[in-house]
Amino acid sequence: MAFPEIILSPISKTTPDTLLLPFFKAEKKENEKLKEKKEGPGYEIPVLAGKKFKELADIENYLRLSQCFSGKKNEISLMRAYKLGNAHNVGLVGLGQRSGLDTEVARQVGAAIYQFQKRERLPTVSIDIQGMWAATRESKRVTTLQALCEGYYLSSYEFREFKKADQTLFHPHGIELVGVKGKDCEKARDKARHLVEAMFFAKVLGDRPSNTLTPRELARLCQEMSKGCGIQCQVLGRKEIEKEGMGLLIGVAKGSAEEPQVIVMEYRGGRKTDLPIALLGKGVTFDSGGISIKPSDRMEEMKYDMMGAATVAGIMQACATLKLPVNVIGYIGAVENMPGGKAQKPGDIQRSISGKTVEITNTDAEGRLVLADLIEYAQKQNPQAMMDFATLTGAVVVALGSVTTGIMGTHKGLLGLIKAAGELTDERVWELPLYDEYEEDLKSAYADIRNSGGREAGSQKGGTFLKFFVDKKTPWVHFDIAGSAWDRKDKNYYTPKMATGVMIRLMAQLLQHWKSLK
Ligand code: BES
Ligand code: MN
Ligand code: ZN
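These numbers were taken from a predicted model, which means no experiment stands behind them.

Novice: Give a detailed account of the packing of helix H6 (residues 183-207) against helix H15 (residues 504-512), specifying residues and quantitative values.
Specialist: Packing of H6 against H15 leaves a shortest axis separation of 10 Å and a crossing angle of 130°. When the axes of H6 and H15 are compared, the pair comes out oblique. Our pair here, H6 against H15, has a crossing hand that is right-handed. Contacts between H6 and H15 pair Lys 191, Leu 195, Ala 198, Met 199 and Ala 202 from the former with Ile 504, Arg 505, Ala 508 and Gln 512 from the latter. Of the residues that constitute the contact of H6 with H15, the class distribution is six nonpolar, one polar and two charged.

This is the structure in structure tokens:
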């Protein structure tokens, strides 16, 4: 998969196939809104975002007559064989209302342009974005440009490894953004590129089926990625995992023919004396449910049950390519959850590294078991903060849908920083509470805790189970990405069905501006 090219130029230097003209949707004034209520909607000519030119009157006339384009967000209209400047065609691009232009709109417009080029088979386009630039608050201009690039790059994602080559598919060559210059702009584009590359790494891991993406293959790919960007990577196999005493993780792996793996990636970009930030990922390469087997309807989606691991791997790549000023250790627990003859059974009791005992009341609540051992393992390095990523509960999809990631944790300050990074990157997070009362349902008559308890507040109970293994002194936040990690229809820059790669942009933002927690 080749990335499309984004060229930044102060004045147009290319001879594009198509010249794109950006338009704002006309802003309605209050009294006009009232009038519209009485008389029904009228057509208002969109406003060119940028310098006027003499042929514009012509185009506006045509729009007035045809009413074919309103300038609403992501609307694009092609005027084929309408020559303007060097270009063979003209395309009208809707930005929505001027007052609504923000990073998320820019990201979506970037995606819409790429998809339009692909659909209409336009190899190169050029668009003057000075009008967009001028309409954006000065402090937001560079990040808005970055977002536009992110959307454009993200849209080029494809997963066709298992499809026969399709000669009729068209891949746009790129876009020229006119009216921007300088080191900051180049940096913003390159940052977008590095972030999207890290997201693509995570997306491919997710989209690959579990018969090819086994725990060992996941480990191999993490090693390959680490080698490529100067990260230390160490992999523990079954023997070493047993030696570490990770009885909960081993318990999950027991029913599978695939060997479990614990992958440890270390990036050092901070000061020598800075304690590491620990990132933990649930890497269940397939979740059949085990003996508490899942219904077959949509079970194929459980190949995505390793998206927490993919997220951690993607964040590690982003840390290295963006040279973020922190020390980070990524831990992945890679296992397959299967109902084999040696599988653990409901009622079994397993032991964590520290010796905490868990009654397995549901073998399908396996992600928390994998993470619990990783939490105890990571805490040996005395991390200054710990965050875990997991497709942990179906309940989070019921509660929040796919449009946001559920977060919960023990440290208000860290939760606050995560929410702020979410705002800046347009990656939504929504906090769920970890009230002490939830602990009641996880009490076991036979062991220190049990791994499932009742259908109510399923996501918070997952979080509460994890919290049981977290040291009081370690600031910790859990990200439940079960809803947000794949098949999102709410954003045009995510490929339908496929993995999304959420939380990598948010985490890069958080780590870039990391300050030690109070
Ligand atoms: N991997 C699933 C959670 C999941 C379900 C993610 C659907 C995405 C879509 C997890 O291992 C699981 O099975 N959780 C159980 C927990 C329950 C048994 C306590 C669940 O959510 O039903
Ligand atoms: Mn499960
Ligand atoms: Zn699972």
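Still to come is the rest of the account.
Novice: Hey, could you go over the sheet that holds strand E13 (residues 357-359) for me, with residue numbers and the actual values?
Specialist: Pairing is mixed in the open sheet, where three strands are placed in the order E12-E13-E17. One side of each edge strand has no neighbouring strand; the edge strands of this open sheet are strand E12 (349-351) and strand E17 (449-450).

Novice: Just give me the short version of the packing of aromatic side chains, but keep the residues and values in it.
Specialist: Each aromatic ring pair is described using two quantities: the centre-to-centre distance and the angle formed by the ring planes. In total, this model carries 13 aromatic pairs according to the counting rule given. A ring pair is formed by Tyr 304 and Trp 486, whose centres lie 4.9 Å apart and whose planes are at 15°; its orientation type is stacked. Of this pair, Tyr 304 sits in the loop between strand E10 (277-287) and helix H10 (307-321) while Trp 486 sits in the loop between strand E18 (476-480) and H15, and the two are 182 residues apart along the sequence. As far as burial versus exposure is concerned, Tyr 304 and Trp 486 are alike and both buried. Judged by centre distance (5.9 Å) and plane angle (85°), the rings of Tyr 331 and Tyr 377 are edge-to-face.

Novice: Please give an account of the sheet that holds strand E11 (residues 327-337) that cites residues and values.
Specialist: With respect to topology, eight strands assemble into an open sheet ordered E8-E9-E11-E10-E14-E18-E15-E16, the strand pairing being mixed. A strand with exactly one partner marks an edge of an open sheet, and here the two such strands are strand E8 (232-236) and strand E16 (429-431). Taking each pair of neighbouring strands and ignoring which way they run, the sheet shows an average axis angle of 20°. In this sheet, E18 lies alongside strand E14 (residues 385-390) in parallel orientation, the contact comprising five bridges. Residue Phe 389 lies in a different strand from E18, and its bridge partner there is Phe 479. Contacts from helix H7 (residues 215-228) reach E8, strand E9 (261-268), E10 and E11, with the element oriented near 15° to E9.

Novice: Which residues make up the pattern of salt bridges, and what values do they have?
Specialist: Close approach of charged atoms allows side chains with opposite charge to pair. Applying the stated criterion across every chain yields a total of 34 salt bridges. Taken together, the shared-partner salt bridges connect Glu 104, Arg 107, Glu 150, Asp 426, Glu 427, Lys 491 and Arg 505 into one network.

Novice: Tell me about unusual backbone geometry, and please be specific about residues and values.
Specialist: Where the residue is not glycine, phi is negative for most of them; where a peptide bond is considered, it is trans in most cases. Its identity as a non-glycine residue notwithstanding, Arg 121 has a phi of 60°, on the positive side. If you trace the backbone, Arg 121 turns up in the loop between helix H3 (103-120) and strand E6 (124-128). With a phi close to 60°, Asp 426 is a non-glycine residue in the positive phi region. With respect to the helices, strands and loops of the structure, Asp 426 is situated in the loop between helix H13 (412-425) and E16.

Novice: Tell me about the site of ligand 1, and name the residues and values.
Specialist: Close to ligand 1 lie 17 residues; Lys 294, Asp 305, Asp 364, Glu 366 and Gly 394 are nearest. Within the side chain of Lys 294, an N or O atom sits 2.8 Å from an oxygen atom of ligand 1. At a separation of 2.8 Å, an oxygen atom of ligand 1 approaches a polar side-chain atom of Asp 364. Against a free-state accessible area of 510 Å², the protein chains account for coverage of 77% of ligand 1. A per-class count over the shell around ligand 1 returns five nonpolar, five polar and seven charged.

Novice: Explain the coordination of the zinc ion (ligand 3) residue by residue, including any values.
Specialist: At the metal site, the zinc ion (ligand 3) is ligated by Lys 282 (NZ), Asp 287 (OD), Asp 305 (OD) and Glu 366 (OE), and these contacts range over 2.0 to 2.4 Å. Around the zinc ion (ligand 3) sit six donor atoms, and with donor-metal-donor angles ranging over 79 to 175° the site reads as octahedral. In terms of primary sequence, the donors binding the zinc ion (ligand 3) are separated according to K-x4-D-x17-D-x60-E. The distance between the zinc ion (ligand 3) and the manganese ion (ligand 2) comes to 3.1 Å, and Asp 287 binds to both of them. Taken together, the residues span a long stretch of sequence, with Asp 287 in strand E10 and Glu 366 in the loop between E13 and helix H11 (367-379) at a distance of 79 residues. Residues Asp 287 and Glu 366 agree in their burial class; the two are buried.

Novice: Provide a residue-level description of the pairing of E10, including the pertinent values.
Specialist: Remember that side chains alternate between the two faces of the sheet whenever the strand is regular. E10 sits mainly inside the fold: eleven of its eleven residues count as buried. The sheet contact formed by E10 and E11 spans ten bridges and is parallel. Paired with Ile 277 across the two strands is Val 328, which belongs to E11. Bridge analysis of E10 against E14 gives five bridges, and the strand direction is parallel. Within E14, the position partnered with Ile 277 by the bridge is Ala 385.

Novice: Requested: an account of the domain arrangement of the chain, with residues and values cited.
Specialist: According to the domain assignment, the chain contains domain 1 (5-181) and domain 2 (197-512). Distance from the C-alpha centre of domain 1 to the C-alpha centre of domain 2: 39 Å. When domain 1 packs against domain 2, the two sides together hide about 1600 Å² of surface, and 58% of this comes from carbon and sulfur. It is Leu 154, Tyr 157 and Phe 159 in domain 1 that bury the most area against domain 2; as a group they hold 45% of the surface buried on that side. In this structure, the connection of domain 1 to domain 2 is made through four salt bridges. Glu 150 is the salt-bridge partner of Arg 505, the closest N and O atoms lying 3.6 Å from each other. At the surface where domain 1 touches domain 2, the tally comes to ten residue pairs in polar contact (both at pLDDT 80 or more). Breaking the side of domain 1 that touches domain 2 down by element, the ones donating at least two residues are H3 and helix H5 (141-154). Per-element tally for the side of domain 1 that touches domain 2: the top contributor is H3, with seven residues. Per-class residue counts for the side of domain 1 that touches domain 2 are seven nonpolar, seven polar and five charged.

Novice: Help me get a handle on H5, residues and values and all.
Specialist: Between its terminal C-alpha atoms H5 stretches 20 Å, which fits the 20 Å expected from 14 residues at 1.5 Å a residue. Counting buried residues along H5, eleven of its 14 residues qualify, which places the element largely inside the surrounding structure. Where H5 is concerned, the buried positions are Thr 144, Leu 145, Gln 146, Ala 147, Leu 148, Cys 149, Glu 150, Gly 151, Tyr 152, Tyr 153 and Leu 154.

The rules behind these values
- Residues numbered from 1 in each chain as written.
- Chains lettered and ligands numbered in written order.
- Predicted model: local features only at pLDDT ≥ 70, side-chain atom pairs only at ≥ 80, totals over all residues.
- Heavy atoms only, no water.
- Axes fitted to C-alpha atoms, helices over the stretch in contact; angles between N-to-C directions.
- Helix = DSSP H or I, 4+ residues; strand = E, 2+ residues; numbered from the N terminus.
- Parallel < 35°, antiparallel > 145°, perpendicular 65-115°, else oblique.
- Left-handed = near helix turned anticlockwise from the far one by under 90°.
- Contact = heavy atoms within 4.5 Å.
- Nonpolar A, V, L, I, M, F, W, Y, C, P; charged D, E, K, R; others polar.
- Pairing = 2+ DSSP bridges.
- Phe/Tyr/Trp six-rings, centres within 6.5 Å; stacked < 30°, edge-to-face > 60°.
- Buried < 20%, exposed > 50% of the residue type's maximum accessible area, 1.4 Å probe, protein only.
- Salt bridge = Lys/Arg side-chain N within 4 Å of Asp/Glu carboxyl O.
- Near = heavy atom within 4 Å.
- Polar contact = N/O pair within 3.5 Å; in protein donor to acceptor, adjacent residues only side chain to side chain.
- Areas by Shrake-Rupley, 256 points an atom, 1.4 Å probe, with all protein chains shown as cover.
- Donors = N, O, S within 2.8 Å, 3.2 Å for Na, K, Ca; no water.
- Tetrahedral: all angles 85-135°; square planar, octahedral: opposite > 155°, others 65-115°.
- Domains from an automatic or database assignment.
- Buried area = accessible area lost by both parts, 1.4 Å probe.
- Expected span 1.5 Å × (residues − 1).

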